[in-house]
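Here are the chains, one letter per residue:
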Amino acid sequence: MTQEVSENKAVAVIGAGPAGLYAAGELAANGVSVAVLNRDIKPGGLAEYGIYPTKHKMKEGLRRQFRKVLASPLIHYFGNLTVGTGGDLSLDDLQALGFDALLVTVGAQGTKWLGLPGEDLQGVYHAKDLVYHYNRLPPFSQREYPIGERVVLIGVGNVMMDITHWIIRDLKVPEVTAIARRGPAEVKFTKKEMENVGANLDVEALQAELRRATPLMESLGQDVQAAADFILSGVEGALEPVSEGRFRLQFLVSPRRILGDSEGKVTGLEVEETTLEPRKGGGTRAVGTGVTRVLEADTVIFCIGDRVDQTLGLPLDKWQEFAKNPEPHFSIEDLSYEAYDPEKGSWVEGVFLAGWAREASSGLVGTARKDGTNGARAVLEYLETVISDGEMPQEVLTALKARLQELDKPIITKDDWQRLEQVEASKAEELGLEEFKFASNQEMLEAIEQSRHQLPT
């Protein structure tokens with residue numbers, strides 16, 4: 001894209017997680033003026049509020065990268081702002097303000113459930129809410145999430161491991177069981193994540209599960225020993241235990257319903273035993289056998305992924321994700337980044353998707369970075385085709401700021417965020433902590449307001 005063309009263009013990036021920030025950086029590097037609109041006060045998304053809180057080195061490394069991106073004079077940050085139907089601004093509002101394109105990178109902000117009987121009982125949670133809670137994202141940081149002594153986790157991925165890490169090492173819960181519809185050869189967690197809780201793994205229970213699954217695994221050509229070695233590889237280098245809690249894995253069971261008492265509290269999870277059948281194209285699918293049993297529990301946590309925020313106002317596909325143009329005009333690496341309306345059979349012109357908005361719960365920060373960058377490249381190709389209406393980027397940004405001033409709420413700028421970082425860093429040093437975070441938006445807003453009178457802009 002020529003610099004002359006790009007300097008006359010303005011793009012709104014909705015979402016300030018890794019995908020959105022790296023996309024903004026790519027656009028700005030090509031001369032485009034970018035408005036980054038963020039629901040939260042702080043930028044960073046799941047890099048700020050989804051990575052386990054003790055991983056300080058990883059988080060600070062990402063924050064340094066984000067600071068470098070946001071330092072660009074072409075990038076303008078607006079936090080504490082909701083976008084969508086019923087939000088502070090809609091996508092239509094942004095287009096009407098004159099933005100040449102919109103890039104949606106809001107991530108998978110909704111929670112995925114299975115629709116089981118009993119999901120509304122006390123003691124039933126979604127992993128994302130808990131991750132936000134212990135990472136101190138308002139308003140989740142201000143809510144109570146009572147956790148009992150017998151916890152069942154549904155799912156066997158890295159999110160499950162993060163939750164197990166928290167409830168075994170921080171809460172010191174005595175019994176934690178993770179269940180999976182498939183077998184030991186198809187776990188989704190990494191060795192590194194297992195090392196956080198490996199010292200608490202009930203190895204005898206795991207060996208019993210392996211023996212139970214062996215005939216089925218061998219009939220499918222799965223390597224039982226390799227599966228065992230992988231799971232146990234996280235035990236040898238595991239962290240020293242800080243509690244006597246036992247962590248168990250149960251395979252080949254699928255949740256059926258959550259049981260509760262007369263007070264509406266969880267008492268157990270009914271599961272159905274499964275078998276596996278080969279799937280065309282590779283892999284397996286779990287099939288219920290009709291045999292059921294009950295796992296005693298007082299807490300059930302769903303660790304099964306996320307879904308897109310349907311209030312954003314974009315059309316959905318049959319999988320309830322944001323629809324992508326099946327025949328994209330500006331594909332990158334054979335992928336479509338264009339929003340699409342299945343009912344009209346046409347793309348939503350000027351609106352693009354990247355990161356988890358394009359493919360929910362897919363990959364980690366590195367994947368988000370690549371997808372955000374590629375989404376920006378698709379936008380840049382589109383901008384080459386856009387005929388300017390004469391409105392300059394500064395006029396668009398001025399119109400946006402005027403619209404935001406009409407809102408009955410404080411909107412956070414880049415300067416405000418930098419003030420907040422300084423205040424929290426000072427608090428951490430004062431308290432002798434690796435990191436300090438205010439638990440509520442109100443506290444952050446008050447800290448920003450107070451710092452305006454103390455720190456130079």
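All values reported here derive from a predicted model rather than from experimental measurement.

## Digging into the overall build of the protein chain
- Counting its regular elements, the protein chain contains 14 helices and 16 strands.
- Over its C-alpha trace the protein chain gives a radius of gyration of 24 Å, about what one expects of a compact globule, namely 23 Å for 457 residues.
- When its C-alpha atoms are laid out on the principal axes, the protein chain stretches across 70 × 55 × 45 Å.
- Burial status across the protein chain gives 53% buried among its 457 residues.
- Across the protein chain, every contact between residues at least 6 apart in sequence was considered, and the portion connecting residues at least 24 apart equals 72%.
- For the protein chain, the centre of its 49 positive side-chain charges and the centre of its 69 negative side-chain charges are spaced 3 Å apart.

## Some words on helix H13 (residues 414–431)
- With 18 residues, H13 extends 26 Å from end C-alpha to end C-alpha; this agrees with the ideal 26 Å at 1.5 Å per step.
- Every buried residue belonging to H13 is among Lys 414, Asp 416, Trp 417, Arg 419, Leu 420, Val 423, Glu 424 and Ala 428, and all of these are buried.
- Tucked inside the fold, the buried residues of H13 contact helix H4 (56–70), strand E3 (75–78) and helix H14 (441–452).
- Looking one or two residues beyond H13, the residue adopting positive phi is Gly 432, at roughly 70°.

## Section: the packing of aromatic side chains
- Applying the stated criterion across every chain yields a total of twelve aromatic pairs.
- Relative to Phe 352, the ring of Trp 347 has its centre 5.9 Å away and its plane inclined at 70°; by these criteria the two rings are edge-to-face.
- Judged by its relative accessible area of 16%, Trp 347 is buried.
- Members of the aromatic cluster, each reached through a chain of ring pairs, are Phe 330, Trp 347, Phe 352 and Tyr 382.
- Sitting over the face of the ring of Phe 140, Arg 143 holds its NZ or CZ atom 4.8 Å from the ring centroid.
- The ring of Tyr 337 carries the charged tip of Arg 358 above its face, separated from the ring centre by 5.0 Å.

## Description of the environment of Ala 226
- Turning to its location among the elements, Ala 226 is positioned in helix H10 (residues 224–236).
- In this structure the C-alpha to C-alpha distance between Ala 226 and Pro 184, which are 42 residues apart in sequence, comes to 9.5 Å.

## A short note on the nonpolar core
- Ranked by size, the top nonpolar core spans 94 residues in total, and within it Leu 153, Met 160, Ile 163, Phe 247 and Leu 249 carry the most contacts.
- Once you skip the residues sitting within four places of it in the chain, Ile 163 turns out to touch Ala 127, Leu 130, Val 131, Tyr 134, Leu 153, Ile 301 and Cys 303.
- In terms of nonpolar packing, the next biggest core, distinct from the first, is built from 30 residues, Ile 14, Ala 35, Val 106 and Leu 397 among them.

## Things to note about the environment of Lys 192
- With respect to the element layout, Lys 192 can be found in helix H8 (residues 191–195).
- Spatially, the C-alpha atom of Lys 192 lies 40 Å from that of Glu 263, the residues being 71 residues apart in sequence.

## Examining the packing of helix H6 (residues 127–134) against helix H7 (residues 158–170)
- Where H6 meets H7, the closest approach of the two axes is 10 Å, and the angle between their N-to-C directions is 50°. Between H6 and H7, the angle falls in the class oblique. In terms of crossing hand, the pair formed by H6 and H7 is left-handed. Contacts from Ala 127, Leu 130, Val 131, His 133 and Tyr 134 of H6 reach H7 at Val 159, Asp 162, Ile 163 and Trp 166.
- Its residues assigned to classes, the contact of H6 with H7 comprises seven nonpolar, one polar and one charged.

## Quick notes on the sheet that holds E3
- Strand order in the open sheet formed by six strands is E3-E2-E1-E4-E16-E15, with mixed pairing between adjacent strands. For this open sheet the edge positions go to E3 and strand E15 (338–341), each flanked by a neighbour on one side alone. Neighbour to neighbour, the strand axes of the sheet diverge by 30° on average, direction disregarded.
- Lying over the sheet, helix H2 (residues 18–29) contacts strand E1 (10–14), strand E2 (33–37), E3 and strand E4 (101–104), oriented at roughly 170° with respect to E2.

## Comments concerning the pattern of salt bridges
- Under the defined criterion, the tally for this structure stands at 27 salt bridges.
- Residues Lys 437 and Glu 48 are paired through a salt bridge, measuring 3.2 Å at the closest nitrogen-oxygen approach. With Lys 437 in the loop between H13 and H14 and Glu 48 in helix H3 (residues 46–49), this pair connects stretches of sequence that are 389 residues apart.
- Lys 437 gets classed as buried once you look at its relative accessible area, which sits at 7%.
- With a shortest N-O distance of 2.9 Å, Arg 452 and Asp 416 are connected by a salt bridge. Of this pair, Arg 452 sits in helix H14 while Asp 416 sits in helix H13, and the two are 36 residues apart along the sequence.
- Arg 452 gets classed as partly exposed once you look at its relative accessible area, which sits at 37%.
- The class for Asp 416 is buried, based on a relative accessible area of 2%.
- Several salt bridges share partner residues, and in doing so they unite Glu 48, Glu 60, Arg 63, Arg 67, Glu 421, Glu 435 and Lys 437 into one network.

## Notes on the sheet that holds strand E12 (residues 284–296)
- The strand order across the open sheet formed by three strands is E10-E11-E12, and the pairing between neighbours is antiparallel. If you trace the sheet from one side to the other, it starts and ends with strand E10 (253–260) and E12, each paired once. Taking the axes of each pair of neighbouring strands and ignoring which way they run, one obtains an average angle of 20° across the sheet.
- Two strands pair when backbone bridges link them, and strand E11 (residues 266–278) and E12 are joined in this way by ten bridges, in the antiparallel orientation. What sits directly across from Leu 276, in E12, is Ala 286.

What counts and what doesn't
Residues numbered from 1 in each chain as written. Predicted model: local features only at pLDDT ≥ 70, side-chain atom pairs only at ≥ 80, totals over all residues. Heavy atoms only, no water. Helix = DSSP H or I, 4+ residues; strand = E, 2+ residues; numbered from the N terminus. Rg over C-alpha atoms; globule rule 2.2 N^0.38 Å. Buried < 20%, exposed > 50% of the residue type's maximum accessible area, 1.4 Å probe, protein only. Contact = heavy atoms within 4.5 Å. Lys, Arg positive; Asp, Glu negative; His and termini not counted. Charge placed at Lys NZ, Arg CZ, Asp CG, Glu CD. Expected span 1.5 Å × (residues − 1). Phe/Tyr/Trp six-rings, centres within 6.5 Å; stacked < 30°, edge-to-face > 60°. Lys NZ or Arg CZ within 6 Å of the ring centre and 35° of its normal. Core = buried A, V, L, I, M, F, W, Y, C linked by side-chain atoms within 4.5 Å. Axes fitted to C-alpha atoms, helices over the stretch in contact; angles between N-to-C directions. Parallel < 35°, antiparallel > 145°, perpendicular 65-115°, else oblique. Left-handed = near helix turned anticlockwise from the far one by under 90°. Nonpolar A, V, L, I, M, F, W, Y, C, P; charged D, E, K, R; others polar. Pairing = 2+ DSSP bridges. Salt bridge = Lys/Arg side-chain N within 4 Å of Asp/Glu carboxyl O.

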